[in-house]
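# Understanding the architecture of this molecule
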Amino acid sequence: MVFQLTSSHRYAWIIQILTLAIMIGSAGPSFITSPFSTPDIPRATASDWLSFFSLCFASAITWAPASADYFVYFPTATSSWRMFLAGSTGMSLAMALTTLLGIGLATGIDSNPAWIEASLTSPGSLLAASFSNLHGFGRFCAVILLLGTVSNNIPCTYSAGLNLQMLGRYGPRIPRPLLTTLEVVIYTVCAIVAREYLREIMENFLPLMSYWIVAWLAVCLEETWVFRRGRDYDWTVWNNPHRLPMGLAAGASFVFGILGAVLGMVSAFVICNTSYTIMMDYNICSSCLVYTVTNVSLQSQSYFVGPIAKALPQNCDLGMWLAFGFTAVVYPAFRCVELHVVGR
């Protein structure tokens, strides 16, 4: 499975790059490349820039916990700096390209009535509309782009299966294909049930994901650079709980990190009273589940602004940065106490 995963993703990006290049040729003339502002769209402030950068960074940093699942297949002689440069360069180039294309599509919405209608439907409809000048070939390109987007779930699903197997001593006994299949069924059902407001959920959930990830990252960096100081981990004790750290310092630091995130966060939470009917048909021959979900209604949204974020102009979202800072400040003290009392 790992061989198939790495082999397919080694070359799949070429097709996606070509498809994105075709999108640039088709939709590029509608992009607005010069700075502009209107009474309805004021000029961006430093707060807007930082919030947007935080959102983009949150999207990229979510890959950090899963990176070890794939770097482990590198040759053992590979230096840590080489792995860091390979991972960060690849993520930066991919994020820059897709983010700039997204900005280009957003700038062309006001001047293109078809794009306005498509954007009101879903982001996917807007992507499909960007190929409309190419007619049938454009629809083919949209399908290729969609399939590439769906394939991005493969690494996440694979890593989630590994995480589930580490939950206890009996986890490795569960076949990983069974776990990954169960994951696919669960997130497919969730996507179908919440399809009417999935965009809002993801926009609000993505920054929340970054809060705990940056706290975890602060713990890992300080454990490696401060307390181990270049000493390698003893990989032979990975399943020996009596020789592994108890995690008390990390857990306490995580609580402080979440506190910092709450103080600086700016998030919208979807509050809905969902009424739906699920009709499920299981076809044994095709091994598929078909769900029809109807009557989904979105009631309201509630916005939460932390005290620190509220004190800044235009409610700048600092949740991710404060989560990292709070965790990084308290972890060394907690870890020293843990080493002194527990000894590991």
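Rules used throughout
Residues numbered from 1 in each chain as written. Predicted model: local features only at pLDDT ≥ 70, side-chain atom pairs only at ≥ 80, totals over all residues. Heavy atoms only, no water. Phe/Tyr/Trp six-rings, centres within 6.5 Å; stacked < 30°, edge-to-face > 60°. Helix = DSSP H or I, 4+ residues; strand = E, 2+ residues; numbered from the N terminus. Buried < 20%, exposed > 50% of the residue type's maximum accessible area, 1.4 Å probe, protein only. Patch = residues over 30% accessible without salt bridge, like charges linked within 9 Å, V, L, I, M, F, W, Y side chains within 5 Å. Areas by Shrake-Rupley, 256 points an atom, 1.4 Å probe, with all protein chains shown as cover. Salt bridge = Lys/Arg side-chain N within 4 Å of Asp/Glu carboxyl O. Core = buried A, V, L, I, M, F, W, Y, C linked by side-chain atoms within 4.5 Å. Contact = heavy atoms within 4.5 Å.

Scanning the model with the defined rule gives 9 aromatic pairs in all. With centroids separated by 6.1 Å and ring planes inclined at 5°, the aromatic side chains of Phe53 and Trp321 adopt a geometry described as stacked. Taken as a pair, Phe53 in helix α2 (residues 46-61) and Trp321 in helix α13 (residues 319-341) lie far apart in primary sequence, 268 residues in all. Among the residues examined, Phe53 registers a relative accessible area of 46% and is labelled partly exposed. When the centroid spacing of 5.2 Å and the interplanar angle of 70° are considered together, the rings of Phe71 and Phe74 count as edge-to-face. Using a relative accessible area of 29% as the deciding quantity, one classes Phe71 as partly exposed.

A few words on a nonpolar patch on the surface. Taken together, the side chains of Tyr11, Trp13, Ile14, Ile17 and Leu18 make up a nonpolar region of the molecular surface, amounting to roughly 530 Å² of accessible area. Inspection of the secondary structure assignment puts Trp13 in helix α1 (residues 2-27).

Residues Met23, Phe31, Leu105, Trp115 and Phe131 are the most contacted members of the largest nonpolar core, which totals 15 residues. Listing elements by their share of this core, those giving two or more residues are α1, α4 (80-107), α5 (113-121), α6 (123-129) and α7 (135-151). Discounting residues that sit within four places of it in the chain, Phe31 has contacts with Leu101, Gly104, Leu105, Thr107 and Trp115. Core analysis: the next-biggest nonpolar cluster, separate from the first, contains 7 residues, Ala58, Tyr211, Met265 and Ala323 among them.

Glancing now at the pattern of salt bridges. Oppositely charged side chains can pair when the atoms bearing their charge come close. As enumerated under the stated definition, the model contains 4 salt bridges in all. Between Arg228 and Glu223 there is a salt bridge, with the nearest N and O atoms lying 3.4 Å from each other. For the pair formed by Arg228 and Glu223, the shared burial category is buried. Between Glu223 and Arg335 there is a salt bridge whose closest N-O contact spans 3.0 Å. With Glu223 in helix α10 (residues 198-228) and Arg335 in helix α13, this residue pair connects regions lying 112 residues apart in the sequence. Arg335 carries the same exposure label as Glu223, and that label is buried. One network of salt bridges, in which partners are shared, links Glu223, Arg228, Arg335 and Glu338.

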